[in-house]
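Here's the letter readout for the chains.
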Amino acid sequence: GAVVSQHPSWVICKSGTSVKIECRSLDFQATTMFWYRQFPKQSLMLMATSNEGSKATYEQGVEKDKFLINHASLTLSTLTVTSAHPEDSSFYICSARVLAGRGETQYFGPGTRLLVL
Amino acid sequence: AQSVTQLDSHVSVSEGTPVLLRCNYSSSYSPSLFWYVQHPNKGLQLLLKYTSAATLVKGINGFEAEFKKSETSFHLTKPSAHMSDAAEYFCVVSNSGGYQKVTFGTGTKLQVIP
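Scoring rules and cut-offs
- Residues numbered from 1 in each chain as written.
- Chains lettered and ligands numbered in written order.
- Predicted model: local features only at pLDDT ≥ 70, side-chain atom pairs only at ≥ 80, totals over all residues.
- Heavy atoms only, no water.
- Contact = heavy atoms within 4.5 Å.
- Buried area = accessible area lost by both parts, 1.4 Å probe.
- Salt bridge = Lys/Arg side-chain N within 4 Å of Asp/Glu carboxyl O.
- Polar contact = N/O pair within 3.5 Å; in protein donor to acceptor, adjacent residues only side chain to side chain.
- Helix = DSSP H or I, 4+ residues; strand = E, 2+ residues; numbered from the N terminus.
- Nonpolar A, V, L, I, M, F, W, Y, C, P; charged D, E, K, R; others polar.
- Buried < 20%, exposed > 50% of the residue type's maximum accessible area, 1.4 Å probe, protein only.
- Patch = residues over 30% accessible without salt bridge, like charges linked within 9 Å, V, L, I, M, F, W, Y side chains within 5 Å.
- Areas by Shrake-Rupley, 256 points an atom, 1.4 Å probe, with all protein chains shown as cover.
- Disulfide = S-S within 2.5 Å.
- Core = buried A, V, L, I, M, F, W, Y, C linked by side-chain atoms within 4.5 Å.
- pLDDT = per-residue confidence, 0-100.
- Pairing = 2+ DSSP bridges.
- Axes fitted to C-alpha atoms, helices over the stretch in contact; angles between N-to-C directions.

J.: I tried to follow the interface of chain B and chain A on my own but got confused; where do I start?
T.: Often the size quoted for an interface is simply the accessible area lost on bringing the parts together. Opposite the 20 residues of chain B that make contact, chain A presents 22 residues. Across the chain B to chain A interface the summed buried area is about 1,700 Å²; carbon plus sulfur atoms make up 48%. On inspection of chain B and its partner chain A, the count reaches 0 salt bridges. Seen at the junction of chain B and chain A, the total is 2 residue pairs in polar contact (both at pLDDT 80 or more). Those elements that provide at least two residues to the side of chain B that touches chain A are strand 5 (31-38), strand 6 (44-50), strand 10 (87-95) and strand 11 (102-104) of chain B. Residues belonging to the side of chain B that touches chain A are distributed by class as follows: 8 nonpolar, 9 polar and 3 charged.

J.: Can you help me understand the pattern of salt bridges in this one?
T.: A side chain with one charge may pair with a side chain of the opposite charge, provided their charged atoms come close. Following the criterion strictly, the structure yields 5 salt bridges over all chains and no others. Close ionic contact of Glu-22 of chain A with Arg-24 of chain A constitutes a salt bridge, the shortest N to O distance being 3.5 Å. Measuring nitrogen to oxygen at the nearest pair gives 3.0 Å for the salt bridge that ties Arg-22 of chain B to Asp-8 of chain B. With Arg-22 of chain B in the loop between strand 3 (19-21) and strand 4 (23-27) and Asp-8 of chain B in the loop between strand 1 (2-6) and strand 2 (10-14), this pair connects stretches of sequence that are 14 residues apart. Owing to a relative accessible area of 33%, Arg-22 of chain B belongs among the partly exposed residues under this scheme.

J.: Would you take a moment to explain a nonpolar patch on the surface for this structure?
T.: On the surface, Ile-12, Leu-115 and Leu-117 of chain A cluster together to form a nonpolar patch covering roughly 300 Å² of accessible area. Looking at the element boundaries, Leu-117 of chain A is found in the segment after strand 11 (112-116).

J.: Explanation requested: the environment of Ser-26 of chain B in the structure shown.
T.: All names here are of chain B. Within the fold, Ser-26 resides in strand 4. A residue is classified by how much of its surface remains accessible, and Ser-26, at 34% relative accessible area, is partly exposed. For the pair Ser-26 and Thr-72, spaced 46 residues apart in the sequence, the C-alpha separation amounts to 6.7 Å. With near-sequence residues (within four places) excluded, Ser-26 lies in contact with Ala-1, Gln-2 and Ser-3. Here Ser-3 takes part through its side chain, which lies 2.7 Å from a polar atom of the side chain of Ser-26.

J.: Help me understand the environment of Thr-106 of chain B, please; the structure alone is not making it clear to me.
T.: For Thr-106 of chain B, the location among the structural elements is in the loop between strand 11 and strand 12 (108-113). When the C-alpha positions of Thr-106 of chain B and Ser-52 of chain B are compared, they lie 24 Å apart, and in sequence the two are 54 residues distant.

J.: Would you mind going over the state of the cysteines with me for this structure?
T.: Residues and elements named next belong to chain B. Counted according to the given criterion, the structure contains 2 disulfides over all chains. Linked covalently through their sulfurs, Cys-23 and Cys-91 form a disulfide whose S-S length is 2.0 Å. Residues Cys-23 and Cys-91 are joined by a disulfide whose S-S torsion is about -65°; by sign, that bridge is left-handed. Note that Cys-23 is positioned in strand 4 and Cys-91 in strand 10, a separation of 68 residues in sequence. Assigned by exposure class, Cys-23 and Cys-91 land together as buried.

J.: Is there a simple way to think about the side chain of Gln-6 of chain B in this case?
T.: Residues and elements named next belong to chain B. Tracing the backbone shows Gln-6 in strand 1. Under the relative-accessibility criterion, Gln-6 is labelled buried at 6%. Looking at Gln-6, its side chain comes within polar contact range of the side chain of Thr-108, at 3.2 Å.

J.: What is the right way to read the nonpolar core from this model?
T.: It is characteristic of soluble globular proteins that their nonpolar side chains tend to be buried jointly. All names here are of chain B. Formed by 26 residues in total, the largest nonpolar core has its most connected members in Trp-35, Leu-48, Phe-74, Leu-76 and Tyr-89. Of the residues forming this core, the biggest block, 4 residues, is contributed by strand 10. The contacts of Leu-76, once residues within four sequence positions are left out, are Val-19, Leu-20, Leu-21, Trp-35, Leu-47, Leu-48, Phe-63, Glu-64, Ala-65 and Tyr-89.

J.: How should the confidence of the model for chain B be read in this particular structure?
T.: Detail in the predicted coordinates should be disregarded across regions flagged by low pLDDT. Summarising the model, chain B shows a mean pLDDT of 90, and 96% of its residues fall at 70 or more. By mean pLDDT, the top-scoring element of chain B is strand 3 of chain B (98), and the lowest-scoring one is strand 11 of chain B (84).

J.: Sorry, what's going on with the sheet that holds strand 1 (residues 4-7) of chain A here?
T.: Note on sheets: strands pair through backbone hydrogen bonds, and any given pair is parallel or antiparallel. All names here are of chain A. Ordered in space as 1-3-8-7, the 4 strands form an open sheet in which the pairing is antiparallel. In this open sheet, the two strands that pair with only one neighbour each are strand 1 and strand 7 (67-73). Neighbour to neighbour, the strand axes of the sheet diverge by 15° on average, direction disregarded. Alignment of strand 7 against strand 8 (residues 76-81), held across 5 bridges, turns out to be antiparallel. Note on strand 8: the bridge partner recorded for Ile-69 is Leu-79.

Structure (structure tokens):
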């Protein structure tokens, strides 16, 4: 099946620094990738939709200047948390969409746990 | 508009007994429906999906779900729970219309008692 990887899996950083998270589709091309965040004991919340070669579409309430998304190729999307603060500490998960037949499937990465001190 | 409701935030079963995790949805379009499992500190794994084919969908690890349009439900079942099934389960609806957007349920934590 389709595999999505994320790097790094864990990151600890100081407040005010920027952190880049990579999401790769390893054995397929993904024109669309999604970024989610998950707070402890809560469900996943969609942050943005990343489209290859164009600007990302952000959900309401998500600051596009704080969460920079780049989808430079059909197998790579990056999320950069700029000037991270402790409240940005969360579990960030990406997914890649595969269209097949009459439906779609999203394959999720293993997630990146961010802790901002 | 679409939404998904997982009726139980926590379900506890004994090992070897059946599992039922409930999910109801609403969608303006013909939906695609999914169940994902998340083990502690792990990413999401697709268990099964419904995409307008057979209403009874079989997934991995012995799980299955039945799409019931009249009841707008997509409950997840397994005949016999295993200790390794203990995890968080998410029901997900995807809009199969022009803009495909995924909405997650709030999750059901499954506890399996030895």
